[in-house]
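# Per-entry structural report
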Amino acid sequence: MEIGVFTVSDITRNPVTGATPTEHERIKAAVAIAKKVEEIGMDVYATGEHHNPPFYASSPTTILAYIAAQTERIKLSTSTTLITTNDPVKIAEDFATLQHLADGRVDLILGRGNTSPVYPWFGKNQQDSVELTIENYNLLRQLWDNDVVNWQGKFRTPLRNFTSTPRPLDGVAPFVWHGSIRTPQVAEIAAYFGDGFFANNIFWPKEHYQQLIGLYRERYAHYGHGSADQAIVGLGGQFFMAKKSQDAINEFRPFFDNAPVYGHGPRMEDFMAQTPLTVGSPQEVIEKTLSFQEFFGDYQRQLFLIDHAGLPLKTVLNQLDLFGELVLPELRAEFAKRRPAHVPDKPVHTTRKPSPVPASV
Amino acid sequence: MKITVVSAGLGVPSSSRMLADQLSTAVREELSALGETVVVENVEARDYAVDIANNLVAGYAPPALASMLQGITESDALVVVTPVFSGSYSGLLKSLFDVIDNTALQGMPVILGATGGSARHSLMLEHAMRPLFSYLRARVVPTAVYASPQDWGAGNDDEQPLDKRVRRAARELAEMVGATSAPRVRDEPLASLPFEDLLANITRSNR
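Residues numbered from 1 in each chain as written. Chains lettered and ligands numbered in written order. Predicted model: local features only at pLDDT ≥ 70, side-chain atom pairs only at ≥ 80, totals over all residues. Heavy atoms only, no water.

Here we take up the overall build of chain B. A tally of regular secondary structure across chain B gives seven helices and seven strands. Along the chain direction, N to C, the helices and strands of chain B fall in the order β-α-β-α-α-β-β-α-β-α-β-β-α-α. The C-alpha extent of chain B, read off along each of the three principal axes, is 70 × 40 × 35 Å. Counting over 207 residues, chain B shows a buried share of 49%. Summarising the internal contacts of chain B: among those between residues at least 6 apart in sequence, 78% fall at separations of at least 24. Here chain B displays about 9900 Å² of accessible surface, and carbon together with sulfur accounts for 51% of that area. Both charge centroids of chain B, one from 18 positive and one from 24 negative side chains, sit 5 Å from each other. (Helix = DSSP H or I, 4+ residues; strand = E, 2+ residues; numbered from the N terminus. Buried < 20%, exposed > 50% of the residue type's maximum accessible area, 1.4 Å probe, protein only. Contact = heavy atoms within 4.5 Å. Areas by Shrake-Rupley, 256 points an atom, 1.4 Å probe, with all protein chains shown as cover. Lys, Arg positive; Asp, Glu negative; His and termini not counted. Charge placed at Lys NZ, Arg CZ, Asp CG, Glu CD.)

Moving on: the overall build of chain A. Across its full length, chain A carries 11 helices and 12 strands. Relative to its length of 361 residues, chain A is compact, with a C-alpha radius of gyration of 20 Å against a globular reference of 21 Å. Seen through its C-alpha atoms, chain A measures out along the principal axes to roughly 60 × 45 × 40 Å. Counting across all 361 residues of chain A, residues that qualify as buried make up 57%. Within the structure as shown, chain A displays about 14300 Å² of accessible surface, and the carbon and sulfur contribution to it stands at 52%. Of the charged side chains in chain A, 34 are positive and 40 negative, and the gap between their average positions amounts to 1 Å. (Rg over C-alpha atoms; globule rule 2.2 N^0.38 Å.)

Here we take up the packing of aromatic side chains. This model, assessed by the stated rule, comprises 20 aromatic pairs over all chains. Seen from their ring centres, tyrosine 262 of chain A and phenylalanine 271 of chain A are 4.6 Å apart, and the 45° between their planes marks the pair as tilted. Residue classification places phenylalanine 271 of chain A among the buried positions, given a relative accessible area of 0%. One aromatic cluster is present, built from ring pairs that chain together Tyr137, Tyr192, Phe193 and Tyr223 of chain A together with Phe195 of chain B. Directly above the ring of phenylalanine 295 of chain A sits lysine 206 of chain A, whose terminal nitrogen or CZ lies 4.6 Å from the centroid. (Phe/Tyr/Trp six-rings, centres within 6.5 Å; stacked < 30°, edge-to-face > 60°. Lys NZ or Arg CZ within 6 Å of the ring centre and 35° of its normal.)

On to the pattern of salt bridges. All names here are of chain A. Per the stated rule, a full pass over the model turns up 32 salt bridges over all chains. Residues arginine 301 and glutamate 2 are paired through a salt bridge, measuring 2.9 Å at the closest nitrogen-oxygen approach. Residue arginine 301 is located in strand β12 (residues 301–305), and its partner glutamate 2 is located in strand β1 (residues 2–7); the two are separated by 299 residues in the primary sequence. Classification of arginine 301 as buried rests on a relative accessible area of 0%. The partner of glutamate 269 in a salt bridge is arginine 267, with the nearest N and O atoms 3.8 Å apart. (Salt bridge = Lys/Arg side-chain N within 4 Å of Asp/Glu carboxyl O.)

Contacts between the two partners involve 35 residues from chain A and, on the opposite side, 19 residues from chain B. In this assembly, chain A packs against chain B so that about 2100 Å² is buried in total across both faces, 67% of it on carbon and sulfur atoms. On the surface where chain A and chain B come into contact, there are zero salt bridges. Run the count over chain A and chain B and you get four residue pairs in polar contact (both at pLDDT 80 or more). Elements with a contribution of two residues or more to the side of chain A that touches chain B: α5 (129–145), α6 (184–193), α7 (206–222) and α9 (268–274) of chain A. Sorting elements by how many residues they give to the side of chain A that touches chain B places α6 of chain A first, with six residues. Tallied by class, the residues present in the side of chain A that touches chain B amount to 17 nonpolar, 11 polar and seven charged. (Buried area = accessible area lost by both parts, 1.4 Å probe. Polar contact = N/O pair within 3.5 Å; in protein donor to acceptor, adjacent residues only side chain to side chain. Nonpolar A, V, L, I, M, F, W, Y, C, P; charged D, E, K, R; others polar.)

Residues and elements named next belong to chain A. Orientation of α6 relative to α7, taken along the N-to-C sense of each, is 30°, at an axis distance of 8 Å. Judged by the inter-axis angle, α6 sits roughly parallel to α7. Between α6 and α7 lies a crossing of right-handed hand. Contact with α6, carried on its side by Pro184, Ala187, Glu188, Ala190 and Ala191, involves Leu212, Leu215, Tyr216, Arg219 and Tyr220 of α7 and no other residues of that element. Classifying every residue of the contact of α6 with α7 by side-chain character gives eight nonpolar, no polar and two charged. (Axes fitted to C-alpha atoms, helices over the stretch in contact; angles between N-to-C directions. Parallel < 35°, antiparallel > 145°, perpendicular 65-115°, else oblique. Left-handed = near helix turned anticlockwise from the far one by under 90°.)

Consecutive side chains along a regular strand alternate between the two faces of the sheet. Residues and elements named next belong to chain A. Burial analysis of strand β10 (residues 233–241) places nine of its nine residues in the buried class, which makes it a mostly covered element. Covered by surrounding structure in β10 are Val233, Leu235, Gly237, Phe239 and Met241 together with Gly234, Gly236, Gln238 and Phe240, the residues of both alternating faces. Examined bridge by bridge, strand β9 (residues 196–199) and β10 share three bridges and lie parallel to one another. Paired with alanine 199 across the two strands is leucine 235, which belongs to β10. (Pairing = 2+ DSSP bridges.)

Before going further, it helps to examine the environment of glycine 153 of chain A. Summarising the element assignment, glycine 153 of chain A is placed in the loop between β6 (149–151) and β7 (159–162). In sequence terms glycine 153 of chain A and threonine 17 of chain A are 136 residues apart; their C-alpha atoms lie 52 Å from each other.

This paragraph deals with the nonpolar core. The biggest cluster of nonpolar side chains holds 113 residues, and the ones touching the most others in it are Met42, Tyr45, Tyr216, Phe252 and Phe323 of chain A. Ranked by residue count, the leading element in this core is helix α11 (residues 313–338) of chain A, at nine residues. Those residues in contact with phenylalanine 252 of chain A that lie beyond four places of it in its chain are Phe240, Tyr262, Met268, Leu277, Val279, His308 and Leu311 of chain A. One finds Met68, Tyr89, Met124 and Leu125 of chain B within the second-largest nonpolar core, a separate group that totals 38 residues. (Core = buried A, V, L, I, M, F, W, Y, C linked by side-chain atoms within 4.5 Å.)

In this section: helix α3 (residues 63–73) of chain B. Here α3 of chain B has its buried residues at Leu65, Met68, Leu69, Gly71, Ile72 and Thr73 of chain B. Looking at the buried side of α3 of chain B, the elements it contacts are β1 (2–7), β2 (39–44), α2 (49–58), β3 (77–85) and α4 (91–98) of chain B.

Among the structural elements, asparagine 136 of chain A can be located in helix α5. When sequence neighbours within four positions are dropped, the list of residues in contact with asparagine 136 of chain A reads Ile83, Thr84, Asn86 and Pro88 of chain A.

Once that is clear, we can look at unusual backbone geometry. Cis peptide bonds are those with omega within 30 degrees of zero, and the linkage from serine 79 of chain A to threonine 80 of chain A qualifies with 10°. The omega torsion of the bond from valine 12 of chain B to proline 13 of chain B falls at 0°, within 30 degrees of zero and hence cis. Of note, proline 13 of chain B is situated in the loop between β1 and α1 (15–33). Look at serine 9 of chain A: it is not a glycine, yet its phi comes out positive at around 70°. Tracing the backbone through its elements, the reader meets serine 9 of chain A in the loop between β1 and α1 (23–39).

As a further point, take the pairing of β9 of chain A. All names here are of chain A. Burial along β9 is two-sided: Gly196 and Phe198 and Phe197 and Ala199, pointing in opposite directions, are all buried. Sheet analysis places strand β8 (residues 175–179) next to β9, joined by three bridges and oriented parallel. Across the sheet, tryptophan 177 pairs through a bridge with glycine 196, a residue of β9. Assessed by its sense of winding, the connection that carries the chain from β8 through α6 to β9 is right-handed. (Right-handed = clockwise from strand over helix to strand, strands pointing away.)

Scope: geometric values only; no functional claims are made or implied.
This is how it looks when you write it as structure tokens:
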């Protein structure tokens, strides 16, 4: 089980102080948060990708490479990398390079993006979103898994005798997760290739995610990668805690009430009851997180959103200190106890084998 | 057979509710005459006003709203009645249908009704409300029923214009429901073609 944090990289006004951090401050804060993630014993730091304000993370591999140089243990990941509008050749090259620099501590979560204009900005059409995902990922696999690629498709200029360099570290491409909120075709892609499936999970109803993850697990087994409960599942989550529940609630409420994605809407108490958000004591965070395993089955990656909605860096670092001290050991012990022996723990670079593209493609 | 009656009236009692009740009574009678057992479910949009706004803001339906919306989409027919506000149907009604999946009402038989301060707003039903349900690919009966204040005191024991319109709409709905014994076809929300077919379809469309 891997436990870590993911950021959407928003630059949001702190509703308590009224101060808005600069891009520079937020980018440096990302590095500080990632180093704290390593310090407290978490496993993963993942950054989003956006190409418009108020987000700073347009160049994820640059950020992750800098973090890789200042950490030794944590895995660097993305949340998510846009498989629709990025050139698959550039993704193959950038992440293989990062993989070498970080000695294999790299994987990525692919997504389709959530801003309509990003498609035209990169010369694409949003209506092609699912087709772009399918074609681009199919090409990305070939670029990593085959030394020489001859390829022709609908959306990109053909490739003749092309070799993507550097080749993946040890001949093993970075592990890939496919993120989706509602698209069953993405679950199908993940299952076909035996890749991971990441459900953002920030909004419920959980029944919806149960269906989507269920579809992925069923198709994973169909393609012979293992049994349904051996499929590789990742989930998002969200918390704000203090030793005393009421302190957490009081401190987080102004950030919740003004948050860009759900502020000025539901009451925080209702949102907590209806979504994965926990605002409360460490024990409440533990209980809520373990409930995910009960809803979705044994899973391999848990990422938390902790630095959004204008929360200042100092608060975020304190949250992580608390998490490392009071939540992480409990979660690790309990997840380990619950996971049956035949369910994989997590994908690890050194134990993964080079895997060629299925012959039929 | 389940009929859900959605009223977007705001007052208690509201004239939209009165019209909705009149329509649902007539629908029940017409369907009973065809041998159907009818269950009528009444929904007041105002009871869900905050949940609907929260759904728009936060992107998911809170439990009470989710279960109400499921009740609508699982109905065999709908009666939808709104007051006329600023030349159109109520914004709350639009928001309610905005948070329903836009394929969930395909093929749904629907009666439209509206109430207003004078008869001058009656064509709102044709120019504003009918297109909304056309967009949702619902099947709207030809007669939409408008009730102005005068309608509640018009006519005599033999001839009541509002009753006549209500009866005609109800009969049209009963015929429509009776004519379709097959369940409505809905898009399967969570299914995918196998990966190789997905890929092959792109290649095919590129030729």
